[in-house]
Amino acid sequence: MRGHMESSRLTLGVISWCMFVCAAETNTLHTGEDGLLHLNKGNFNKALSEYKQLLVHFYTPTSADLHKVSEAFEEAAAQLQGSEVTFARVDTVKEQDLTQDLNATDPPFIRLYLSGDKHSPVPCPVPTTSLSIATWLERRAGSPADLITDDIQSDELLVVGFFKALDEAYAQVFYEAAVELPDLTFALTQKHDAVSKYGLGDDVVLVLKKSRLMQAYRMRPETTKEELIVFITVFQMDPVTEYTGQTASQILSSPVLNHALLFVRKSSPDFPAIHAAFDRAASAFRLKVLFVLVDVDEPRNGRLLEYFRVRDFEAPLIRMVNLTDHVTYHLPSQRLDEETITKFCQDYLDGNAKPKMQSEPVPEGWDTGPVKQLVGSTLEKVAFNPNNTAFVLFYLPYSPESRAVFPLWEELAEAFKDQEDVVVARIDASANDINMSMHRQYPSFCLFPALHAERVVVYTGKLRVKDLVKFVHKEMEKAKKDRVLEDEDRRKYREALREDEAKNGRKEEL
């Protein structure tokens, strides 16, 4: 008996020691092979207290789209080693609780924490290179005086500010815009001869490309940093921008959310005329619509054609899309002259254009598996069935984040397999137009309660089966109470109709 007790104490001691060691390792600050400080829930607060400037990259290892950002971050950390800024990284897959606590589930994914302030980080613009990060940090710590130069000749794009005085508000707004656009070269000049050749006066901002004036913006007392950023980001681009690997990020990050896309063969004989008409139409919509050219002969554009469901033999054609709702509009004409394109764009802006509804064919056996595979033509029928609660995963097939959720969705369907009034489904958001307002970040998780009213509840909690099940049951209980009120309203409505019919019948008899 005594030996058994000693053995038990020894086992408990080993377990306690292991727990102590594990906790110590979790709370320890250590630098990985990538040269970055690796943070987790256990050591994040410690890092905040030890480093006055902590630049944190919240990254997802499986995200191909963010791979370049990750490389730029590592290179910047190596280049700025020994500076006042400490570079750190948080794995959002392993550290979901920490990511949720810091509200770091949405962009921007690089944030600067200052003097231990956990709740008010400074967002870093999405970098294209390590130089972007270094420039951003440098400009944040500087002032407008750092941009002063009399040489405004440049082979590349240059944003120039010309102001009467550097201590006026205009110069400060200009500098704040420069901080937010670290990929662009900014300059300040007080040399009047430098801008007088463009026929401009004081307090103006010029966008120059190879010393050629693209556009000028006259500052006003009410001009904000945001307005100036929109102006610069729009006019740094040509009226028509060709979609390439180099311009893709620029197009997708544009503040102009309405995009007109011309799908065309650059090798076709009629390309010069079509491009000229598209270019002329673009000039009238510079701050309202972004005009994008997509060469269907380019193999690397295959994903874009697939997303918009454009087949190469259909070119040339024009599609319009808004990046907030992803509803697509199709130019209903084979004529692609300036007048037709301009009218289509104006109709779209005026709300008179009709969306092009797309749907994949209904797959065979779509409703026989645990997870139902919906398409555009079956979504509303299933989602808004008043007798069922439907939980739908909206995904993009080429997104690693979307594919990573598939096994979880199968587990969720298994958890509800004995409840016939609960439908677990998914739909490819890239191949099916969805004519309803909802959260448009993918993957997106939308629950449709069993009600006559068309209600959508977006789930934003932890991606665990138990949390998803709890969410469904909670919404179902709420829907039951709402259904009682709804049924009562419908009963009163039917009674009112019968009373009206009876009154009208008596009037007719008289």
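As shown above, the structure is provided for reference.
Here is what the cut-offs are and how they apply
- Residues numbered from 1 in each chain as written.
- Predicted model: local features only at pLDDT ≥ 70, side-chain atom pairs only at ≥ 80, totals over all residues.
- Heavy atoms only, no water.
- Pairing = 2+ DSSP bridges.
- Helix = DSSP H or I, 4+ residues; strand = E, 2+ residues; numbered from the N terminus.
- Axes fitted to C-alpha atoms, helices over the stretch in contact; angles between N-to-C directions.
- Contact = heavy atoms within 4.5 Å.
- Salt bridge = Lys/Arg side-chain N within 4 Å of Asp/Glu carboxyl O.
- Parallel < 35°, antiparallel > 145°, perpendicular 65-115°, else oblique.
- Left-handed = near helix turned anticlockwise from the far one by under 90°.
- Nonpolar A, V, L, I, M, F, W, Y, C, P; charged D, E, K, R; others polar.
- Core = buried A, V, L, I, M, F, W, Y, C linked by side-chain atoms within 4.5 Å.
- Buried < 20%, exposed > 50% of the residue type's maximum accessible area, 1.4 Å probe, protein only.
- 1 Å grid on protein atoms, 1.4 Å probe; cavity = no way out; pocket = protein on both sides within 12 Å on 5 of 7 lines; lining within 4 Å.
- Points joined across faces, edges and corners; volume = space filled by probe spheres on them.
- Phe/Tyr/Trp six-rings, centres within 6.5 Å; stacked < 30°, edge-to-face > 60°.
- Expected span 1.5 Å × (residues − 1).
- Arc of directions from axis to C-beta.

1. Points about the sheet that holds strand S13 (residues 317–322)
Spatial ordering of the open sheet is given by S10-S12-S11-S13-S14, a layout of 5 strands whose pairing is mixed. What marks the edges here is a single partner per strand, and that holds for strand S10 (240–242) and strand S14 (328–330). On average, each strand axis in the sheet is inclined to that of its neighbour by 30 degrees, with strand direction left out of account. Pairing of strand S11 (residues 258–264) with S13, which is carried by 6 bridges, proceeds in the antiparallel orientation.

2. Let's talk about the sheet that holds strand S2 (residues 53–59)
Taken together, 5 strands build an open sheet; the order of strands is S1-S3-S2-S4-S5 and the sheet is mixed. Each of the sheet's edge strands pairs with one partner strand only, and the pair in question is strand S1 (37–38) and strand S5 (122–123). Of the pairings in the sheet, the one linking S2 to strand S3 (residues 85–91) comprises 7 bridges and is parallel in character. In the strand pairing of S3, Tyr59 is matched with Asp91. Seen against the sheet, helix H5 (residues 130–140) touches S2, S3, strand S4 (110–114) and S5 and runs at an angle of roughly 35 degrees to S4.

3. Observations regarding the pattern of salt bridges
By the definition in use, this model includes 18 salt bridges. Note that Glu242 and Lys266 form a salt bridge whose closest N and O atoms lie 3.0 Å from each other. With Glu242 in strand S10 and Lys266 in the loop between S11 and helix H10 (271–282), this residue pair connects regions lying 24 residues apart in the sequence. Several salt bridges converge on common partners, so that one network encompasses Arg220, Glu222 and Glu227.

4. Quick look at the packing of H5 against helix H6 (residues 169–180)
Describing two packed helices takes the angle between their axes plus the distance from one axis to the other. Where H5 meets H6, the closest approach of the two axes is 8 Å, and the angle between their N-to-C directions is 150 degrees. Judged on the interaxial angle alone, H6 and H5 are roughly antiparallel. Crossing handedness for the pair H5 and H6: left-handed. Contact residues: H5 offers Trp136, Glu138, Arg139 and Arg140, while H6 offers Tyr175, Ala178 and Val179. For the contact of H5 with H6, the per-class residue count stands at 4 nonpolar, no polar and 3 charged.

5. Considerations on the nonpolar core
By size, the foremost hydrophobic cluster in this structure holds 58 residues, and its most contacted members are Leu55, Phe87, Phe174, Phe186, Leu228 and Phe263. Considering each element in turn, this core owes the most residues, 8 residues, to H6. Contacts of Leu228, omitting those with residues within four sequence positions, involve Val173, Phe174, Ala177, Val205, Tyr217 and Met219. Residues Ala277, Ala281, Leu293 and Tyr348 belong to the second largest nonpolar core, which totals 25 residues.

6. Here we look at empty space enclosed by the protein
Which parts of space are left empty comes out when a probe the size of a water molecule is rolled across the atoms. The tally for this structure, following the rule as stated, stands at 1 cavity of 30 Å³ or more. Taken as a whole, the largest cavity spans an internal volume of roughly 130 Å³. If you trace the largest cavity, you find 15 residues lining it, with Tyr307, His326, Thr328, Ala429 and Asp433 closest to the centre. Tallied by class, the residues present in the lining of the largest cavity amount to 7 nonpolar, 5 polar and 3 charged.

7. So, the packing of aromatic side chains
Summed over the entire model, instances satisfying the criterion amount to 18 aromatic pairs. Ring centres of Trp409 and Phe445 lie 5.6 Å apart, and the angle between their planes is 40 degrees; on these two criteria the pair is classed as tilted. Of this pair, Trp409 sits in helix H15 (residues 406–415) while Phe445 sits in strand S18 (residues 444–448); the two residues are 36 residues apart in sequence, bridging distant segments of the chain. Overall, the relative accessible area of 1% leaves Trp409 in the buried class. Of the aromatic side chains, those joined through ring pairs into one cluster are Phe391, Trp409, Phe445, Tyr459 and Phe471.

8. Comments concerning H6
Taking 1.5 Å as the rise per residue, H6 with 12 residues should run 16 Å; its terminal C-alpha atoms sit 17 Å apart, in good agreement. Among the residues making up H6, those that are buried are Tyr170, Ala171, Val173, Phe174, Tyr175, Ala177, Ala178 and Val179. As for H6, its buried residues are in contact with H5, strand S6 (157–162), strand S7 (185–189), strand S8 (204–209) and helix H8 (225–235).

9. Some details on the pairing of S8
For S8, the buried fraction is high: 5 of the 6 residues fall into the buried class. Alignment of S6 against S8, held across 6 bridges, turns out to be antiparallel. Each bridged residue has a counterpart across the sheet, and for Val160 the counterpart in S8 is Leu206. Relative to strand S9 (residues 212–218), S8 is paired through 6 bridges, and the arrangement is antiparallel. The residue of S9 that forms the bridge with Val205 is Tyr217. Between the end of S8 and the start of S9, which pair antiparallel, lie 2 residues, with Lys210 showing a positive phi angle near 55 degrees.

10. Quick word on the pairing of strand S12 (residues 290–295)
Along S12, 6 of the 6 residues are buried, which leaves the element largely enclosed by surrounding structure. With burial as the criterion, each face of S12 is covered, one bearing Leu290, Val292 and Val294 and the other bearing Phe291, Leu293 and Asp295. Alignment of S11 against S12, held across 6 bridges, turns out to be parallel. In the sheet register, Leu261 faces S12, and the bridge partner there is Val292.

11. Observations concerning helix H12 (residues 338–349)
An α-helix turns once every 3.6 residues. As a result, residues three or four positions apart point the same way. Between its first and last C-alpha atoms H12 spans 17 Å; for 12 residues at 1.5 Å apiece the expected length is 16 Å, and the two agree. Regarding H12, the residues found buried are Thr340, Ile341, Phe344, Cys345 and Tyr348. Buried residues of H12, viewed axially, fall in a sector of 130 degrees; they line one side. Of the residues in H12, the exposed ones pointing more than 90 degrees away from the buried face are Glu339 and Lys343. Turning to H12, the residues buried within the fold contact S11, H10, S12, S13 and S14.

12. Quick notes on the environment of Asn352
Mapped onto the fold, Asn352 is located in the loop between H12 and strand S15 (372–374). You can call Asn352 exposed: its relative accessible area is 53%. Along the primary structure Asn352 and Lys381 are separated by 29 residues, whereas in three dimensions their C-alpha atoms are 27 Å apart.

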